[in-house]
Amino acid sequence: MMTTTTGRLYVVATPIGNLGDFSARGREILAAADCIAAEDTRHSGKLLAHFGIKRPLLAYHDHSAPGVRDKLLRMLRQGANIALVADAGTPLISDPGYDLVKAAREQGGEVIPVPGPSAVTAALSVSGLPTDNFRFAGFPPASAAARRKRFEELRSGAATLVLYESSHRLLDCVDDLNAVFGPDRRIFIAREMTKRFEGHFSGTLEEAAEWLRGDENRRRGEFVFVLAGHAPKSPEAERLSEALRIAKLLQPELPLRKAAALAEKITGVRKNRIYQRALAQQTAD
């Protein structure tokens, strides 16, 4: 067990864009730390330089050797105070640090949060979607098959869903969300939050795909997706879902327009609406 002279591990949130969001307490903790464990020392070094903070930096990330974590734990046992920072936002939220925090606690150390910016809560707060029950799912898998499987697991949850996504997989991710969650599921997209070219979108998944494809500048930067949770469908939505199911069953034997016409006779949903939605799903697939 650690002794009473053990140092403290501070988990310090840093700005996700606008440097004015950095708290006075966060700056004070970094300025007084014996060592700052940073995801990327070059990135964090620029932040420290901006605020005139000169403290020793040690790289600590997912690919660090076990010896780096052991060194930090040894420093804590010797009474050093260490600040853990990620490249941006609150550490451990899709960022490294879990193993260090877990090991420090297991050895009896104090781990102190220094709260501040977080892309998850920032996006939720302006999304216009329910915030009393939400689930953070991090980054979706990179491969299409694994990503769709993950979305299938998340689709029926009632909680508002928060995801991160990188710009180079953005369109593929939105297309897969359309295919799995359905084009009518509502989504809020936050892009480059607190930065110069911040942008927001609110609408359906179908509309989101069109919005992103409408301007390549909208596909640049860092993104947070906030999706509405699953809700029981209205009778009209249930009929459309059934019409699409019927049209899909008929398609191996009939052209899509004829399949849509037969589905209209069975369900009463207009054939043009069935056709357009079925065509959009085919494109996504």
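For clarity, every value in this text was computed on a predicted model and none was experimentally measured.

J.: What am I meant to see in the layout of surface pockets here?
T.: Gaps left between atoms are located by rolling a probe of water-molecule size over the structure's atoms. Its volume calculated, the largest pocket comes out at about 1100 Å³. Around the largest pocket, the lining comprises 33 residues; the ones closest to its centre are Phe 181, Gly 182, Pro 183, Lys 233 and Ser 241. Counting residues per element, the ones that place at least two in the lining of the largest pocket are helix 6 (144-154), helix 7 (170-181), helix 9 (235-250) and helix 11 (271-284). Per element, the largest residue contribution to the lining of the largest pocket is seven residues, and it comes from helix 9. A volume near 680 Å³ is recorded for the second largest pocket. Along its surface, the second largest pocket is lined by 29 residues, and Ile 16, Ala 88, Gly 89, Lys 195 and Glu 222 are the ones closest to its centre. Listing elements by their share of the lining of the second largest pocket, those giving two or more residues are helix 2 (41-50), strand 7 (160-165) and strand 10 (223-227). The greatest single-element share of the lining of the second largest pocket, amounting to three residues, is contributed by helix 2.

J.: Explain the sheet that holds strand 9 (residues 199-204) here, please?
T.: If you trace the five strands from one edge of the open sheet to the other, you get 6-7-10-8-9, paired in mixed fashion. Only two strands of the sheet have a single partner each, and these edge strands are strand 6 (134-136) and strand 9. For this sheet the average axis-to-axis angle between neighbouring strands, irrespective of direction, equals 20°. Relative to strand 7, strand 6 is paired through three bridges, and the arrangement is parallel. Bridging from a neighbouring strand, Phe 136 pairs with Val 162 of strand 7. Together, strand 7, strand 8 (186-191) and strand 10 form the strand contacts of helix 7, whose direction differs from that of strand 10 by roughly 10°.

J.: Quick question: what am I supposed to make of the nonpolar core here?
T.: Soluble globular proteins tend to bury their nonpolar side chains together. Leu 163, Leu 177, Phe 181, Ile 187, Ile 189, Phe 225 and Leu 227 are the most contacted members of the largest nonpolar core, which totals 22 residues. At the level of secondary structure, the elements contributing two or more residues to this core comprise helix 6, strand 7, helix 7, strand 8, helix 8 (205-213) and strand 10. Broken down by element, the residue count for this core peaks at six residues, all from helix 7. In contact with Leu 227, not counting residues within four places along its chain, are Leu 129, Thr 160, Leu 161, Leu 163, Leu 177, Phe 181, Arg 185, Arg 186, Ile 187 and Leu 205. Counting 19 residues, the second-largest nonpolar core is a separate cluster that includes Val 11, Cys 35, Leu 58 and Leu 73.

J.: Where do I start with the packing of helix 7 against helix 8 in this structure?
T.: Describing two packed helices takes the angle between their axes plus the distance from one axis to the other. Running from N to C, helix 7 and helix 8 cross one another at 160°; their axes reach a closest spacing of 9 Å. Between helix 7 and helix 8, the crossing angle belongs to the class labelled roughly antiparallel. Pair helix 7 / helix 8 crosses with left-handed handedness. On the side of helix 7, the interface is formed by Leu 170, Leu 171, Val 174, Asp 175, Leu 177, Asn 178 and Phe 181, while helix 8 contributes Leu 205, Glu 206, Ala 209, Leu 212 and Arg 213. In terms of residue class, the contact of helix 7 with helix 8 is made up of eight nonpolar, one polar and three charged.

J.: Sorry, what's going on with the pairing of strand 10 here?
T.: Each regular strand carries side chains that alternate between the two faces of the sheet. Burial within strand 10 is extensive, with five of its five residues counted as buried. Judged by which residues are buried, strand 10 turns out to be covered on both faces: Phe 223, Phe 225 and Leu 227 on one side and Val 224 and Val 226 on the other are all buried. Pairing of strand 7 with strand 10 involves five bridges; the strand directions are antiparallel. In the strand pairing of strand 10, Leu 161 is matched with Leu 227.

J.: Can you help me understand helix 10 (residues 256-267) in this one?
T.: Every α-helix carries 3.6 residues per turn, so stepping three or four residues along brings you back to the same face. Over its 12 residues, helix 10 runs 16 Å from end to end, which matches the ideal 16 Å to within 8%, given 1.5 Å per residue. One or two steps after helix 10, the chain reaches Gly 268, where phi turns positive at roughly 85°.

J.: Mind showing me how you'd approach the side chain of Thr 160 here?
T.: Structurally, Thr 160 can be placed in strand 7. The exposure class assigned to Thr 160 is buried, which follows from its relative accessible area of 1%. Beyond its immediate sequence surroundings of up to four residues, Thr 160 is in contact with Leu 124, Leu 129, Pro 130, Asn 133, Phe 134, Arg 135, Val 226, Leu 227 and Gly 229.

Cut-offs applied
Residues numbered from 1 in each chain as written. Predicted model: local features only at pLDDT ≥ 70, side-chain atom pairs only at ≥ 80, totals over all residues. Heavy atoms only, no water. 1 Å grid on protein atoms, 1.4 Å probe; cavity = no way out; pocket = protein on both sides within 12 Å on 5 of 7 lines; lining within 4 Å. Points joined across faces, edges and corners; volume = space filled by probe spheres on them. Helix = DSSP H or I, 4+ residues; strand = E, 2+ residues; numbered from the N terminus. Pairing = 2+ DSSP bridges. Axes fitted to C-alpha atoms, helices over the stretch in contact; angles between N-to-C directions. Contact = heavy atoms within 4.5 Å. Core = buried A, V, L, I, M, F, W, Y, C linked by side-chain atoms within 4.5 Å. Buried < 20%, exposed > 50% of the residue type's maximum accessible area, 1.4 Å probe, protein only. Parallel < 35°, antiparallel > 145°, perpendicular 65-115°, else oblique. Left-handed = near helix turned anticlockwise from the far one by under 90°. Nonpolar A, V, L, I, M, F, W, Y, C, P; charged D, E, K, R; others polar. Expected span 1.5 Å × (residues − 1).

Everything listed here is a matter of geometry and, on its own, says nothing about what the molecule does.
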